[in-house]
Every structure is written in structure tokens, then in C-alpha cells.
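# Inside the fold
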Amino acid sequence: MKKIIVLILAFFVIAYDSQSQFNSLLKVQNLPQSVKMAFSEYFSECIRERYFHEDKGIVEVISYKDSLLKDNYLLSAVIDDRFLENPTNTYYTNDNGEIFIFYDGDKNGNKLKQTISLTSFDELKKLIGDRVYIRPQKTERLIELIDINGNIKKTKVKYLIAGNTWNTTRYIFSDDGKYIISKSL
Amino acid sequence: MKKLRLHNLRRGIIYSFFTTILILNSCNFNSELIDSNDITIESAQQWFENSYSKNARINNDEDVRKEYFWNLASKQKVNKTDEAIIIPIIHQRKGENWSLKHLWIYNNKKKEKEARIFEYIYDTKLPKDRLQGLKNFTGAMIIRDGEGEFLGGLKITNNKIEGVITELKSGKRTEKLNTNQIKGGRVGGFFSCGNFERCNYWSISAGVGANSVTWFGYSCIADWLCYWISTNGIDPAFTGNIINIPTIAASTPINAALGGGGWPEGPPTSTSFGYAENTCRGYNIMLSAQAAQSKEIGGAITTEDRLIMFPTQANDQHNVNFTFPYTTPDGNITISLVNGNPDEADPRNDGKFQPDDVGIEIADRAKGGAIYYKITAIVHSHPIENGYDHNNPSPADKNNASQFPSKIKHYIVNNDNLIEYNANGVVTTVNRPCK
């Protein structure tokens, strides 16, 4: 009788899982508690410090081992759909519904490119939903200004930001679960 | 400071002139002694422009830029009675960097005016910060007549004469003295400049003992090198003379002229540009400005190694915002970024620029028009603070680097290091020059 009950329960668990919208995505399950706490802390900072805008914002995580073989997590606040250009099939979410999309990185924290299936791509878009803004298509920015000779001249406008636009923060973990923070400049 | 520099300059020019004339005479280069004949700057300018400007080699079609700074000309007493007019020149031939030259005009024995042009070719093995100033000059000093005819030169190390140059090779061009000119010269040799591939061999080892692995390899870069080949032993009696090269390259008016906008060297402010004649001083200025303003500083490095720093109004303690074009409050363009060939739409496009060139155009309010500076690198400063990663580019930095042609380099400068990076991260980290 016990065996039958176990089998029935197992059937329901499998049936429940198969109804998930994100079967093709890989949900990170085995994060240490200290990492989960760090992630939660960063997410709160994104809200508190206005890295997120209005109700938009997810966190991008690049997970890698540095040259000293320490576990590093590079967290950035993302408010637009830039993930479409480099999608991932891996994510983490906590009980508050906070979304963290995961990438593997090289030892310098550079995001490694990955290939995912169309199904995974569709599921990723569904997972993120309206949590980010849709970026407009890039266009040339021209403005009319006056040159040195007094003539009106069409001039290209270009903004470049050298700094921590996405409020990137690096969490460097020791084996004992303690970590230090290093912010990008 | 300006008076002090001019004073040093005058003294340097006098020594330089004296020594050079003496050496040229000792080497029988047919140079003339100076004779006093009440020469003035005005008469020298009038004579030179009437006699040489249309024909002199310094004005040929290969010239991209040539400027005679008559406003900086000075009359120098070179001995008890004789005087010469000395005029700095900035000259740039197509495909070459600009260089500082001196035009000297004096009266010869026949009481006729005569011109000599002095060029300075730096030994490129010198540290980068010594490739522009004339203090403790090392390289070759080339002497030409007013037509640009090669009259010989001197090989100099830290202002000490080491030999006489009788032949000059630069790229495909060879210039040499004729037999009569060489006759009597006690030291012969030639100074050659050209493109060379410089290779460095390296090895990397990992592991210990039997498990160790070593990789070997080499990397080469294209470089422009100048070298000296002596064809005779150097006469001990001749060498060892100390020559004082004029230090005019560091004088403020020349810096201002090079800047195109009348800029002295100095830091940027919220609404004005900073400028340095070379990156060595420029990095120091950037870091001082960063400390003074509690803001990161951004700039661009030109092909001539000048560093132009942009206004800091939009920057903060940890971010630089480049906002091209920079304009005056009334909307006049002061500086703009040109990504691509600036002559693309110009029917006179002569192919001087490539589609992957990047430059900045600076309004020249003194002369009208705009000056285009091709740039080789974008640089921004990082403060060193606890909890911040000052030795690595941010993801946004790497994203910016990806928006430029690959030949444009990207640097971070902090108090300790100069870090080159690209879209993939750090390329090299070296100790900051001129620390």
C-alpha cells in the first residue's frame, strides 16, 4: 500500500513539473546559502539605489572561477532586453520572484557565448516577461549646430560612458562562504 | 615661468648655434661664419619668404603641415658681435609624425643672408616621454640649407656629440654628402630610419618538477627605428663635446600652437578642455585633476601623442561620460568626434583617411575652421579606493571598446598602472609611465 502511495505521489510531482512553462531552461538549484544571501542583498540594493527603474529590472550573473580558483559572481542590474543578443538557458529565482539570469564566464569574468535552442529562447522571454524595457532600434543621432564659420552643420551625437553603467558588483567567495565585494569603475 | 624658459631657450640656442657651427667648420661642411650686418626679424622674414618659401623642400607637396612661428622668432647674439634670427618650425610630412625644427638666418662672410634648418630625429629606443622634448637630447641633429639640401648632421647622446652624420636614409630616401663635403670629416657614418619588425621572445612556465610545462613563443610589432652605423672609428679628440639643444619644444607658445586652440598645458574643468603635449605629462595632469575634482577624467590621445582631456561636467567620482559634440553654451561646436573618414562626403577626398579612422575636430577660433586630429586611443582615469576594482574595465567600458575600430586602443590610467583593454577585457597592465 505504501508503495502505491509513493508511486501516486511521484506521478503527481512529475506531472506538475511537466506542466512548468520552463522545461527547457535550467534552474540553478544548488547555490550555497551565503551566495543566495548575497544575491538577495544585491537585488535589494538595485531597488533601494534606483538601479532598477519603475518596476523594471532583473539581475545578470556571470559565474566564474578567477585565476586563484575562487568562486566569483559578477552581478549587474539590467533594465532592458539586451539579453536577446546573448540569451542564456540558465536562471535562478528565489521565493520573491526575483529573476537572476546566469552566464558562465572565463577567468576574467568575460561572458562566454552559449548556443541555446529556440524553445529555450522562447521560454527565457516568457520568464523575463515585462520585467525589462524594449530597446528601440539604433539610429544615427544627428543634430544641427553652428560651426566655427557660422554655418549650420549636421553633427553626429555620440555618448560614451566609461564607468559602472550597470552597477556591476563582483562578489568574491572564499571556501568558508565569506565574501568580499569589488565594484567596477 | 615663461621668462625663465625663454631665458634658458636663448642660452640654449646660443650654445647650440656656437657648437654646431664650430663642428660643421671642423668637418668642412662648407658652412659660413656669421658676420654682423644688423639683421632683424622683419628683414629675415622678408628675405626668407622671397627667397625660399616657394622652393624650399620644407614646402614640398608631401607636407601635411608646416608652420613657421615668426611670432616666436628671436634675435640671438652668438658671440661678441654676431647675431642670428632663430625661428621654430613645426613640420609634418605625409605619413610621418610632426617634428620640431629650427630655422636659423644669419649673414655670412659675404654679408649675404643664409638659412640653415636644423631637424631632430629621436632615438626611438628612448622612453616614450623623452621622444618630444629636447632636454638631454638623444638622436640625430640634421642640418640642411634653406632649400632643404642635406648638409650633414651630428649623432648625439644626452647632448654629447658622438659622431658626424654623412648619410641619411629614411624609408626609400637616401641623402648623402658629396666627396668634397666629406673630405676633412674625421668621423663618418650614416643614420638610418625605417620600418622594422621588433620581436620579443617569451616563455611561460607552470607546474613544479616533472609536472612543469613551459610554453615558448614570440610576438612581433611593427616599429619605426633609427640606428647609427659608423663607417670610421670615432676620433676621441672630436667626441665628447656637449651640445646644448634649445628647449623650445617645451615652451608654452609652441604648446599653444600645437593645441590649435591656444591651449596651455593644464587640467580640464567642468566646462573647458585639458591639454598636455604628451601622454607622460597628460596622465599626471589627469590624475591630479581627478583628485582635485573628485571625478574621473576622460581624454583622447592623438597620433602625435598629445592628450586632450574633455570637460568634466557630466562625470562623477566613478564614471566618465563622453558627450560628443562638446559645444559652447550658445550652441557652437567646439569639439566633435569623427568616427570614419572625415572627407567621405568631400569631392576632394584624397584618400588620406581610412573608413576605420577615428578623430576629433577642434574649432580653431584663432584662425577659423577646424583642426582634425587623428586619435589612437581613448583613456579614462580610475581612482584607487577600497571596495572598487581600479585595475579592470567595467562591462560598460568593454562595451564601449567594442564600438570603435580595432586599431583604436583603450586605456585606464590610475596612480599605479596603465591598463590597456579591449572588448574582451584587459590586454596588458604596465606600471604607469612617468609616475
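Treat the numbers as computed from the prediction; the structure is a model and nothing was measured. Numbering of residues begins from 1 in every chain and follows the order in which that chain's sequence is written. Lettering of chains starts at A and numbering of ligands starts at 1, both following the order in which they are written. Where totals are concerned, whole chains, interfaces and linings use all residues; where local detail is concerned, this predicted model gives features only for residues with pLDDT of at least 70, and gives and counts side-chain atom pairs only at 80 or more. By convention in this description, side-chain values take in all heavy atoms of the structure and omit both hydrogens and water.

### Observations regarding the overall build of chain B
- Comment: elements are numbered from the N terminus, with helices defined as DSSP H or I runs of at least four residues and strands as E runs of at least two. Counting secondary structure elements, chain B contains 6 helices and 24 strands.
- Exposed residues in this analysis have more than 50% of their type's maximum accessible area, buried residues have under 20%, and partly exposed residues fall in between, with area computed by a 1.4 Å probe over protein chains only. Within chain B, buried positions represent 51% of all 435 residues.
- By definition in these notes, contact holds between two residues if any of their heavy atoms fall within 4.5 Å. The contacts in chain B between residues at least 6 apart in sequence include a share of 54% that link residues at least 24 apart.
- Note that accessible areas follow from Shrake-Rupley with a 1.4 Å probe, and for residues the cover is restricted to the protein chains shown. Surface accessibility of chain B: about 20,600 Å² in total, with carbon and sulfur atoms responsible for 48%.

### Some details on the packing of aromatic side chains
- The criterion for an aromatic pair is that two Phe, Tyr or Trp rings (for Trp, the six-membered ring) have centres within 6.5 Å, with stacked assigned to planes under 30 degrees apart, edge-to-face to planes over 60 apart and tilted to the rest. Inspection of every chain in the model, using the stated rule, returns 21 aromatic pairs over all chains.
- When the ring of Phe310 of chain B is compared with that of Phe322 of chain B, the centres are 5.9 Å apart and the planes differ by 80°; the resulting orientation is edge-to-face. Residue Phe310 of chain B is found in the loop between strand S15 (307-309) and strand S16 (319-324), and its partner Phe322 of chain B is found in strand S16; the two are separated by 12 residues along the sequence. Neither residue differs from the other here; Phe310 of chain B and Phe322 of chain B are each classed as buried.
- Ring pairs connect the aromatic residues Phe39, Tyr42, Phe43, Phe52, Tyr73, Tyr92, Phe100, Phe102, Tyr171, Phe173 and Tyr179 of chain A, which therefore count as one cluster.
- Across the ring face of Tyr133 of chain A, the terminal group of Lys56 of chain A is positioned such that the distance to the ring centre comes to 5.9 Å.
- Seen from the ring of Phe121 of chain A, Lys125 of chain A lies directly overhead, with NZ or CZ sitting 4.5 Å from the centre. Cation placement over rings: the criterion is NZ of Lys or CZ of Arg within 6 Å of the ring centroid and within 35° of the ring normal.

### Observations concerning the sheet that holds strand S10 (residues 179-184) of chain A
- If DSSP finds at least two bridges between two strands, the strands pair. With respect to topology, 8 strands assemble into an open sheet ordered S1(A)-S4(A)-S5(A)-S2(A)-S3(A)-S9(A)-S10(A)-S21(B), the strand pairing being mixed. At either margin of the open sheet sits one strand with a lone partner, and together these are strand S1 (26-27) of chain A together with strand S21 (388-389) of chain B.
- As judged from the 5 bridges shared by strand S3 (residues 71-78) of chain A and strand S9 (residues 169-173) of chain A, these two strands associate in the antiparallel manner. Paired with Tyr73 of chain A across the strands is Tyr171 of chain A, a residue of S9 of chain A.

### Some points on the interface of chain A and chain B
- Counting residues at the interface gives 27 residues for chain A, matched by 43 residues for chain B.
- Basic side-chain nitrogens of Lys or Arg form a salt bridge, by our definition, when they fall within 4 Å of a carboxyl oxygen of Asp or Glu. Across the chain A-chain B interface, the total number found is 1 salt bridge.
- Side-chain atoms alone can form a polar contact between residues adjacent in sequence; in general such a contact is a pair of N or O atoms within 3.5 Å, and within protein one must be able to donate a hydrogen while the other accepts it. Along the contact surface separating chain A from chain B lie 13 residue pairs in polar contact (both at pLDDT 80 or more).
- The biggest single contributor to the side of chain A that touches chain B is strand S8 (residues 158-163) of chain A, with 6 residues.
- Among the residues making up the side of chain A that touches chain B, the classes are represented as 11 nonpolar, 10 polar and 6 charged. Note on residue categories: nonpolar means Ala, Val, Leu, Ile, Met, Phe, Trp, Tyr, Cys or Pro, charged means Asp, Glu, Lys or Arg, and polar means any other residue, Gly included.

### Side note on the pattern of salt bridges
All names here are of chain A.
- The full count for this structure, using the stated rule, is 19 salt bridges over all chains.
- Between Asp71 and Lys65 there is a salt bridge; the shortest N-O distance is 2.7 Å.
- Residue Lys65 is classed as partly exposed on the basis of its relative accessible area of 45%.
- With its nearest N and O atoms 3.5 Å apart, the salt bridge here joins Lys156 to Glu140. In this pair, Lys156 sits in strand S7 (residues 152-156) while Glu140 sits in the loop between helix H3 (118-128) and strand S6 (142-146), placing the two residues 16 residues apart along the sequence.

### Let's talk about the pairing of strand S24 (residues 425-431) of chain B
All names here are of chain B.
- Of the pairings in the sheet, the one linking strand S23 (residues 417-422) to S24 comprises 6 bridges and is antiparallel in character. Residue pairing for S24: Ile419 is matched across the bridge by Thr429.
- Two successive antiparallel strands, S23 and S24, enclose a turn made up of 2 residues.

### Quick look at the side chain of Glu420 of chain B
Residue and element names in this part refer to chain B.
- By the secondary structure assignment, Glu420 is in strand S23.
- Despite being buried, Glu420 has no salt bridge partner; Lys409 is the closest side chain of opposite charge, sitting 4.4 Å away.
- The residues contacting Glu420, other than those within four sequence positions of it, are Lys409, His410, Tyr411, Gly425, Val426, Val427 and Thr428. We count Lys and Arg on the positive side and Asp and Glu on the negative side, and we leave His and both chain ends out.

### A short note on helix H5 (residues 279-293) of chain B
All names here are of chain B.
- With 15 residues, H5 extends 20 Å from end C-alpha to end C-alpha; this agrees with the ideal 21 Å at 1.5 Å per step.
- Of all the residues in H5, the buried ones are Thr279, Cys280, Gly282, Tyr283, Ile285, Met286, Leu287, Ala289 and Gln290.
- Against strand S13 (274-276), strand S14 (298-302), S15, strand S20 (370-381), strand S22 (409-413) and S23 lie the buried residues of H5.
- Capping the start of H5, Asn278 holds a side-chain oxygen 3.2 Å from the backbone nitrogen of Cys280, two or three residues further along.
- Positive phi shows up at Ser294, right after H5, with a value of about 50°. Expected span of a helix: the number of residues minus one, times 1.5 Å.

### Thoughts on the nonpolar core
- Side-chain atoms within 4.5 Å are what join buried Ala, Val, Leu, Ile, Met, Phe, Trp, Tyr and Cys residues into a set we call a nonpolar core. In terms of nonpolar packing, the biggest core is built from 21 residues, with Ile308, Phe310, Phe322, Ile335 and Ile360 of chain B touching the most fellow members.
- Looking at this core, the elements with two or more residues in it are S8 of chain A together with S16, strand S18 (333-339), strand S19 (358-363) and S20 of chain B.
- With near-sequence residues (within four places) excluded, Phe310 of chain B lies in contact with Pro268, Ser272, Phe273, Gly298, Gly299, Ala300, Phe322, Phe324, Tyr326 and Ile335 of chain B.
- With 20 residues, the next largest nonpolar core counts Tyr42, Phe43, Cys46 and Tyr92 of chain A among its residues.

### Re H3 of chain A
Residues and elements named next belong to chain A.
- For H3, every residue scored as buried is listed here: Ser120, Phe121, Glu123, Leu124, Leu127 and Ile128. Taken end-on, H3 shows its buried residues confined to a sector of 165°, consistent with a single buried face. Facing away from the buried side of H3 by more than 90 degrees, the exposed set consists of Leu118 and Lys126.
- Where the residues of H3 are buried, they touch strand S2 (58-65), strand S4 (90-93) and strand S5 (99-104).
- Just past H3, the residue Gly129 takes up positive phi, approximately 55°. Our arc is simply the arc of the directions from the helix axis toward the C-beta atoms.

### What about the environment of Phe150 of chain B?
- Examined against the element boundaries, Phe150 of chain B turns out to sit in strand S7 (residues 150-157).
- A C-alpha to C-alpha distance of 9.4 Å links Phe150 of chain B and Ile117 of chain B, two positions 33 residues apart in sequence.

### As for the confidence of the model for chain B
Residues and elements named next belong to chain B.
- Here chain B shows a mean pLDDT of 71. Residues at 70 or above account for 57%.
- Mean pLDDT across the elements of chain B ranges from a minimum in helix H1 (residues 2-26), with 42, to a maximum in S22, with 96.
- Every residue in residues 1-36 scores below 50 in pLDDT, and together they form 91 contacts with partners more than four places removed in sequence or on other chains.
- Confidence of the predictor at the level of single residues is captured by pLDDT, which takes values from 0 to 100. Of the regions scoring below 50 in pLDDT, residues 246-262 engages in 52 contacts with residues more than four places distant in sequence or in other chains.
- Per the prediction output, this complex has pTM 0.56; the corresponding ipTM is 0.79.

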